[in-house]
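Coordinate analysis (summary)
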Amino acid sequence: MWTHAFESNPSDLEKYYLNVAFPYPSGAMHVGHGRTYIVPDVVARFWRMRQKQVLFPMAFHVTGAPVVGISKRIANKDEKTIRLYRDLYRVPQNILDQFTDPLTIVKHFADEYQRVMTSCGLSIDWRRRFITVDPTYSKFIEWQWKHLYEAGHVMKGAHPVRYCTVDENPVGDHDLLEGDKAEVIKFTLVMFRFGDAFIPCATLRPETIHGVTNLWANPDVTYVKIKLDGKPWIVSKEAAEKLALQDHTVEVTGEIKGSDLVDKKVSHPLCGEVPILPAPFVDPDMASGMVMSVPAHAPFDYIALRDLQQKGQYTEIKPIPLIKVEGYGEVPAQYAVEKAGIANQMDSRMDALTQEIYSAEFSKGKLFDKYGGKPVRVARDEVAELMQQKYDSVVMYEFDQRPVVCRCGNRVRVKILHDQWFLKYGDEAWKQEVQDHLDTMALVPSEVRAEFDRTIWWLKDWACTRRVGLGTRFPWDPAQLIEPLSDSTVYMAYYTIAHKVREIESKLLTPEVFDYIFLGKESEDLPEKKKLDAMRKEFLYWYPYDFRFSAKDLISNHLTFQLFHHCTVFAGQKDKLPKGMVVFGMGLLNGAKMSSSKGNVFLLEDAVKEFGGDTVRMFLMGSAEPWQDFDWRNELVLSTKKQIERFYNTVMEIKDASGEPHDIDRWLASRLQMHIAKTTEALENFQTRQALQEAYFGIETDLKWYRRRLPKDCDGSRELHDLSSVWVRLLAPFIPFTGEHLWKELAGEGLISFAPWPVADEKLVSPKIELAEELLARTVEDIESIVKLIQLQPKAITIALAPEWKHQIFSMIATAQDKNTVIKEIMKDESMRKRGKETTDTAKQCTTLIHRLPPHVVSPLVQDPINEKAVFDAAKGFLEQEFGVPVHVVMAEEAGHVKALTALPFKPAIIIE
Ligand SMILES: [Zn+2]
């Protein structure tokens, strides 16, 4: 019945367009993905029932290198990859054999995604499904990029980029297994003369050359002799590979053991001759693999030297200070290390200490007069410049942290690309446009706004083309492809026409065609004008989108990129810019992060098979709000399944009730209006968990009490039928399969998916009736706990009610502006004063009671007090039925029992005989 039900066309209704970051279908969906798509589905279903025209589309992102890598590994019979696809994702062998073609992989999983999404009840308009390598989509991307280019946001240049030498491709955040926070840093290589060769050492502080006392070499590493641009160098093997990627020709000519370098001498014109010392801590994969040592200003060097000297070695070497920095003594590194009481190199505070000295010297340090006397911040650049001009230094790029690992398993390197194209996210004017628009957007939860603000101003120019992968050719350099994050930023607009644009031959889809559809620009000789008009109408009806949904890890790239692109493509059309975003938390499985590569996933399809689509939905929506992290645990999911069964059975039991209404029906009706209002409000704010608390647990608890309160041998009244109808509709967005089934049982019209959302009826709301029932329920609870405590079979129960003067005190305290003077106020009354200590005790008890009672009880109680006597008199029959003994209701002062005197408003004294 749903197959075509959610196909949505422009209509007279108000529209609601929501979309979600589309998936990259390179493997099976797990339950973490499930929530990403189920949250927007619940929201879509809610607004559809609110009688809006809702569009919820889906497509598949297949651009980029990952599937190309996967297909290569499968072609190469890589065991690990084959195991993942055959065993975890359960791809049949005959299909797996075809996975040597990357398009086959994404098409296979796109179909699987659609199948699993359908089994989860997602109300998607599947007519609009596309993949990002469809020829018509490529035409759309070309149009989008023409606008970016013409706005001056696309440029070509030489840039150091993260690069995988196996994939022969720049590497984006999404292509990384590890190190996505690593930044590229520019080092100066200081060239020490070693015989006729150079030994380069990378530094961020070239001015400290004057304080070099030695080099560090790792005695366990075999270094290589290379010819770099024709000159002989000695570096680590890793460094030779890296330098070859950075505009140098590198030829390896031989090897030399680290241990053979130890105790040899090197020299530099600015520091003279120094020895090479052994240092097992030197990492050959960091920069050149050799380190220059400045013990006076680098805590690591100071400690390493001290460790050797404590063994009696190299005792003739003394730190050579060259920078004066106030507050750090003669030798800053020594001063800081000794002050912190650092015992050895392994101390965890070393990084922080290094950073501290680095900052202090940079901000307020000055070189000694004999080295020029300039501030460090000036001298640093001058020395770097001098070294490059006179002393053979070159620049080397390196990451600020390691390891950085590609999805293919290869170490990522820094490569300088010359024909690399960039999107100029660094452009301040562009940033400001985006910021101005962001300020007008709705962001959920509101805490993410700061993160978006930060990302806008932190984004740097973005390498937007790749050499390998699937995707759209870059119009100004067809040998390259537009990279995946750059071709998925305005596709929300494409959804509005996706089902119609494919009726037109892709070669006819010129930029003018899209200018007409999306921007309303007329031009001559537009083809298929009728079809274009229909698409223009779709676009104008649906756009801009109302809300976009995505996980929070996309804030720092995709979610912000799409704002940049929208601002340019729809420049001058503010009414076409995105209106809102909802950002999700992450999914855990049994307390640990879900990860396909580590095998810690539970496939969504398995979850649906084992528990049912509705259970999966209700668990994911009920266990946390969308922006909170959630934790999937099978045992908890099982209890959700039982809840749905209970719901189903209850509705089946009560739907045909036909009795006459009782007093308690008015209470039930009043409560129901409150649940309707609160569920509605929660869903308007995307609070799926809060909504379920109201719509499921709230109503279930009320029904339990209602059925308990019915007179003996009485079925529920016929009004339970109406309640069933409301209840089933309130839960329909969460458990739509159960909803449709029960809707039929209730003889509802059409599909529940389009049934009108319940509206709270103010006329049925009675705070007074609710309050009276709450008083009764609380008293029953009190009696039960007392009976349990005394462990005696009671013979009779007396409920003693507080006298009027206590009600007065309660009311005065509850409404008092100044809690400190309220007693004085009370004592102004002659009769209160006469009661003396009794009055002050009651005031104290009332204060405590008011603190304990929820606000929804206290304020109506004061505004419109209930007649407690009438409430209990009317419930006498019920109480006697509940406890099986006579129940007396008396005013406390007539009870003749000392315990009765403890009665307070809304808290009668209970005397059990
Ligand atoms: Zn790679």
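Anything mentioned here points back to the structure above.
Right, let's walk through the structure included here.

The rules behind each value
- Residues numbered from 1 in each chain as written.
- Predicted model: local features only at pLDDT ≥ 70, side-chain atom pairs only at ≥ 80, totals over all residues.
- Heavy atoms only, no water.
- Patch = residues over 30% accessible without salt bridge, like charges linked within 9 Å, V, L, I, M, F, W, Y side chains within 5 Å.
- Areas by Shrake-Rupley, 256 points an atom, 1.4 Å probe, with all protein chains shown as cover.
- Salt bridge = Lys/Arg side-chain N within 4 Å of Asp/Glu carboxyl O.
- Helix = DSSP H or I, 4+ residues; strand = E, 2+ residues; numbered from the N terminus.
- Buried < 20%, exposed > 50% of the residue type's maximum accessible area, 1.4 Å probe, protein only.
- Axes fitted to C-alpha atoms, helices over the stretch in contact; angles between N-to-C directions.
- Parallel < 35°, antiparallel > 145°, perpendicular 65-115°, else oblique.
- Contact = heavy atoms within 4.5 Å.
- Nonpolar A, V, L, I, M, F, W, Y, C, P; charged D, E, K, R; others polar.
- Phe/Tyr/Trp six-rings, centres within 6.5 Å; stacked < 30°, edge-to-face > 60°.
- Lys NZ or Arg CZ within 6 Å of the ring centre and 35° of its normal.
- Core = buried A, V, L, I, M, F, W, Y, C linked by side-chain atoms within 4.5 Å.
- Left-handed = near helix turned anticlockwise from the far one by under 90°.
- Pairing = 2+ DSSP bridges.

Moving on: a nonpolar patch on the surface. A surface patch of nonpolar side chains, amounting to about 340 Å² of accessible area, comprises Leu789, Ile790 and Leu792. With respect to the helices and strands, Ile790 occurs in helix 27 (residues 767–790). Using a relative accessible area of 38% as the deciding quantity, one classes Ile790 as partly exposed.

Let's shift gears to the pattern of salt bridges. Following the criterion strictly, the structure yields 58 salt bridges and no others. A salt bridge links Lys242 to Glu398; its shortest N-O distance comes to 2.6 Å. Residue Lys242 is found in helix 7 (residues 237–244), and its partner Glu398 is found in strand 17 (residues 394–399); the two are separated by 156 residues along the sequence. Residue Lys242 is classed as buried on the basis of its relative accessible area, which comes to 3%. On the basis of relative accessibility, which here comes to 4%, the residue Glu398 falls in the buried class. Where Glu784 meets Arg708, a salt bridge forms, and the shortest distance between an N and an O atom there is 2.8 Å. Pair noted here: Glu784 is in helix 27 and Arg708 is in helix 24 (residues 688–709), with a separation of 76 residues, a long-range link. With relative accessibility at 35%, the residue Glu784 sits in the partly exposed group. Because the salt bridges share partners, they merge into one network encompassing Glu7, Asp125, Arg127, Arg128, Lys500 and Glu538.

Right, let's get into the packing of helix 24 against helix 27. In contact at an axis separation of 13 Å, helix 24 and helix 27 are set at 80° when each is read in the N-to-C sense. Put simply, helix 24 runs roughly perpendicular to helix 27. Here Trp705, Arg708 and Arg709 of helix 24 come into contact with helix 27, specifically with Glu773, Leu776, Ala777, Val780 and Glu784. In the contact of helix 24 with helix 27, the residues fall into four nonpolar, no polar and four charged.

Now for the packing of aromatic side chains. Applying the stated rule across the entire model yields 56 aromatic pairs. Centre to centre, the rings of Tyr328 and Tyr335 are 6.0 Å apart; their planes meet at 70°, and the pair counts as edge-to-face. Directly above the ring of Phe362 sits Arg377, whose terminal nitrogen or CZ lies 5.3 Å from the centroid. Directly above the aromatic system of Phe878 lies the positively charged group of Arg709, at a separation of 4.7 Å from the ring centroid.

Counting residues in hydrophobic clusters, the biggest one holds 145 residues, and the most contacted among them are Phe549 and Trp632. By residue number, the principal contributor to this core is helix 1 (residues 31–49), which donates 10 residues. Counting 67 residues, the second largest nonpolar core, distinct from the first, contains Val154, Ile456, Leu559 and Phe561.

Let us now look at the packing of helix 21 (residues 613–622) against helix 22 (residues 634–654). Packing of helix 21 against helix 22 leaves a shortest axis separation of 9 Å and a crossing angle of 115°. By the angle between their axes, helix 21 is roughly perpendicular relative to helix 22. Seen from above, helix 21 lies across helix 22 with right-handed handedness. Residue-level inspection shows Asp614, Thr615, Met618 and Phe619 of helix 21 in contact with helix 22, the latter providing Leu636, Val637, Thr640, Lys641, Gln643 and Ile644. For the contact of helix 21 with helix 22, the class distribution of residues is five nonpolar, three polar and two charged.

We now examine the sheet that holds strand 19 (residues 413–423). As summarised here, the arrangement of the four strands in space is 4-3-19-21, forming an open sheet in which the pairing is antiparallel. Looking at the sheet topology across the chains shown, the edges are occupied by strand 4 (169–170) and strand 21 (462–463). In the sheet, strand 3 (residues 154–164) pairs with strand 4 via two bridges, with the strands oriented antiparallel. Within the sheet, the bridge partner assigned to Cys164 lies in strand 4 and is Asn169.

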